[in-house]
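What the coordinates show
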Amino acid sequence: MALLRQRGAPENQLAGLRVVLPRTPDRAAGMAAELRRRGASASVMPLIDFERTDNPGELDEALTLLAQHKVDWLVITSITTVRALKACALDRGTSLAALVGDTKVAAVGTPSARALEAEGLSVDLVPSGSMDAVGLVDAWPLPPEGGSRSTERMMVLLPQADIAAPTVFEGLMAKGWQVLPVTAYRTVDYPARPELRLTAALEIASLERVDGLELITVADFRSRALDGGVDAVILTSPSVTRRLSGLLDPWPSGVRLIAIGASSARQAAELGLEIAATAAEPTPSGIADALAQSLGHQPTETEGTP
């Protein structure tokens, strides 16, 4: 299974391809726009949604430490984390940028970094290699001797999903940092309960807006996939991969699975799903590049295997 990167992709490169994005329209806009630019059609089929944490007091205490400048680093592992923290900032009557202040910020990949920058934050660390939890840990520096407070280890605030793997927490602890993990949101089956659903609008969403996205149901997807009406599905996270795996058995051979990154690809392999390609970068262009290569539309440079 190749890890792919392509340069100079032309418009209409993916003409005629029918792609399903298992995300809500607001979260699929960037991918849909890039696929459309290259000639593919994109439909969205939400499988997961996000709700506020059921322990808001714990998150509030952690954000109070952040606001009091008692945190050295803030780690952001997803765009949904940005949305959850922005909702908390709005609840406090402030902006996300004001809440974070001059605390150093790390993002797991360029999509999260762009979302943060659109909110007015500066991002100090983005892994240059693998844009996932493993890549972030690999890129993380050792703490300076003595830390910012001579009697304490350097503090890292790690807000994350309720189902987050311990990779970042364990990796940063092993490097000598004091890490405070806190649940920022819950991952649930779509749709979330209206009163708990994360609804804070991100600035990046307005920049990537795509009008006229087709919203399909699971029943629509099953019918189309079995009738040859779907060419590819993008696996946008391990949790999406788990939910998708149960929709069709066996999986139709004509429906290619494209993983957004190594963690989604690993989850697919554990579930017995065959991945056609894994994007070199978890970005709209990286996903479109991987799709193009998987279907043989254009030669692509192979950069390694996960």
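An account of the accompanying structure is given in this report.

Criteria and thresholds
- Residues numbered from 1 in each chain as written.
- Predicted model: local features only at pLDDT ≥ 70, side-chain atom pairs only at ≥ 80, totals over all residues.
- Heavy atoms only, no water.
- Helix = DSSP H or I, 4+ residues; strand = E, 2+ residues; numbered from the N terminus.
- Rg over C-alpha atoms; globule rule 2.2 N^0.38 Å.
- Buried < 20%, exposed > 50% of the residue type's maximum accessible area, 1.4 Å probe, protein only.
- Contact = heavy atoms within 4.5 Å.
- Areas by Shrake-Rupley, 256 points an atom, 1.4 Å probe, with all protein chains shown as cover.
- Lys, Arg positive; Asp, Glu negative; His and termini not counted.
- Charge placed at Lys NZ, Arg CZ, Asp CG, Glu CD.
- Phe/Tyr/Trp six-rings, centres within 6.5 Å; stacked < 30°, edge-to-face > 60°.
- Pairing = 2+ DSSP bridges.
- Salt bridge = Lys/Arg side-chain N within 4 Å of Asp/Glu carboxyl O.
- Axes fitted to C-alpha atoms, helices over the stretch in contact; angles between N-to-C directions.
- Parallel < 35°, antiparallel > 145°, perpendicular 65-115°, else oblique.
- Left-handed = near helix turned anticlockwise from the far one by under 90°.
- Nonpolar A, V, L, I, M, F, W, Y, C, P; charged D, E, K, R; others polar.
- Core = buried A, V, L, I, M, F, W, Y, C linked by side-chain atoms within 4.5 Å.
- Expected span 1.5 Å × (residues − 1).
- Bend = angle between axes of the 7 residues up to and from the residue.

With that settled, the discussion passes to the overall build of the protein chain. Helix and strand counts for the protein chain come out as 12 helices and 13 strands. Taking 2.2 N^0.38 as the reference for a compact globule, 306 residues should give roughly 19 Å; the C-alpha atoms of the protein chain span a radius of gyration of 20 Å, in line with that estimate. Taken along its principal axes, the extent of the C-alpha atoms in the protein chain is 65 × 45 × 35 Å. Here the protein chain holds 306 residues, and the buried ones make up 49% of them. In the protein chain, once contacts between residues fewer than 6 apart in sequence are set aside, the share between residues at least 24 apart is 71%. Of the roughly 13700 Å² that the protein chain leaves accessible, carbon and sulfur atoms contribute 49%. Counting 28 positive and 37 negative side-chain charges, the protein chain places the averaged centre of each group 2 Å from the other.

To continue, consider the packing of aromatic side chains. As enumerated under the stated definition, the model contains 4 aromatic pairs in all. On the numbers, 5.5 Å between centres and 85 degrees between planes, the contact of Phe50 with Tyr185 is edge-to-face. Of the two residues, Phe50 is situated in strand E4 (residues 48-52) and Tyr185 in strand E8 (residues 178-189); the sequence distance between them amounts to 135 residues. In terms of burial, Phe50 and Tyr185 fall into one category: buried. Here the aromatic residues Trp73, Trp140 and Trp177 are joined through ring pairs into a cluster of three or more.

Taking burial as the measure, the 11 residues of helix H12 (residues 284-294) include 8 buried ones, the bulk of the element. For H12, the set of buried residues is Gly286, Ile287, Ala288, Asp289, Ala290, Leu291, Ala292 and Ser294.

Below, the discussion takes up the pairing of strand E7 (residues 155-161). Counting buried residues in E7 gives 7 out of 7 residues, a clear majority hidden from the surface. Taken together, the 7 bridges between E7 and E8 define a ladder with parallel strand orientation. Residue pairing across strands places Gln160 opposite Thr183, the latter belonging to E8.

In a structure, side chains of opposite charge can pair up when their charged atoms sit close to one another. Tallied over the entire structure, the rule returns 15 salt bridges. Its salt-bridge partner being Arg193, residue Glu51 comes within 2.8 Å of it at the nearest N-O pair. Here Glu51, found in strand E4, pairs with Arg193, found in the loop between E8 and helix H8 (203-207); they are 142 residues apart in sequence, far enough to count as distant. In this structure Glu51 comes out as buried when scored by relative accessible area, which is 3%.

Between helix H10 (residues 238-245) and helix H11 (residues 262-270), the shortest axis-to-axis distance is 8 Å and the interhelical angle comes to 30 degrees. When the interaxial angle is binned, H10 and H11 end up roughly parallel. Here H10 and H11 pass one another in a crossing that is right-handed. Of the residues in H11, those touching H10 at Pro238, Thr241 and Arg242 are Ser263, Ser264, Gln267 and Ala268. Across the contact of H10 with H11, the residue classes break down as 2 nonpolar, 4 polar and 1 charged.

Let's shift gears to the environment of Pro111. Relative to the helices and strands, Pro111 is located in helix H5 (residues 110-118). With residues up to four places along the chain from it excluded, the contact list for Pro111 reads Ile79, Pro282 and Thr283.

Here the focus is unusual backbone geometry. Here the residue pair Tyr190 and Pro191 is connected by a cis peptide bond, since its omega of 0 degrees sits within 30 degrees of zero. Mapping Pro191 onto the fold places it in the loop between E8 and H8. Cis geometry is adopted by the peptide bond preceding Pro250, which originates at Asp249 and carries an omega value of 0 degrees. Of note, Pro250 is situated in the loop between H10 and strand E11 (256-259). Non-glycine residue His69 carries a positive phi angle of around 60 degrees. Relative to the elements of secondary structure, His69 occurs in the loop between helix H2 (56-67) and strand E5 (73-76). You can call His69 exposed: its relative accessible area is 53%.

Another aspect to go through is the nonpolar core. Counting residues in each nonpolar core, the largest one holds 54 residues, and the members touching the most others are Phe221, Val233, Leu244 and Trp251. It is helix H3 (residues 79-91) that provides the largest number of residues to this core, a total of 5 residues. Setting aside anything within four residues of it in sequence, one finds Leu244 in contact with Met45, Leu47, Phe221, Val233, Leu235, Trp251 and Leu257. Core analysis: the next-biggest nonpolar cluster, separate from the first, contains 25 residues, Leu17, Met31, Ile287 and Ala292 among them.

With 13 residues, helix H1 (residues 25-37) should cover 18 Å at 1.5 Å per step; its first-to-last C-alpha distance of 17 Å lies within 8% of that length. Most pronounced at Met31, the bend in H1 amounts to some 35 degrees. Taken residue by residue, H1 has Ala28, Ala29, Gly30, Met31, Ala32, Glu34 and Leu35 as its buried positions. The inward-facing, buried residues of H1 contact strand E2 (18-21), strand E3 (41-44), strand E10 (232-235) and H12. Two residues or fewer after H1 comes Gly39, characterised by a positive phi angle close to 100 degrees.

Geometric descriptors of this kind do not, in isolation, establish any biological role.
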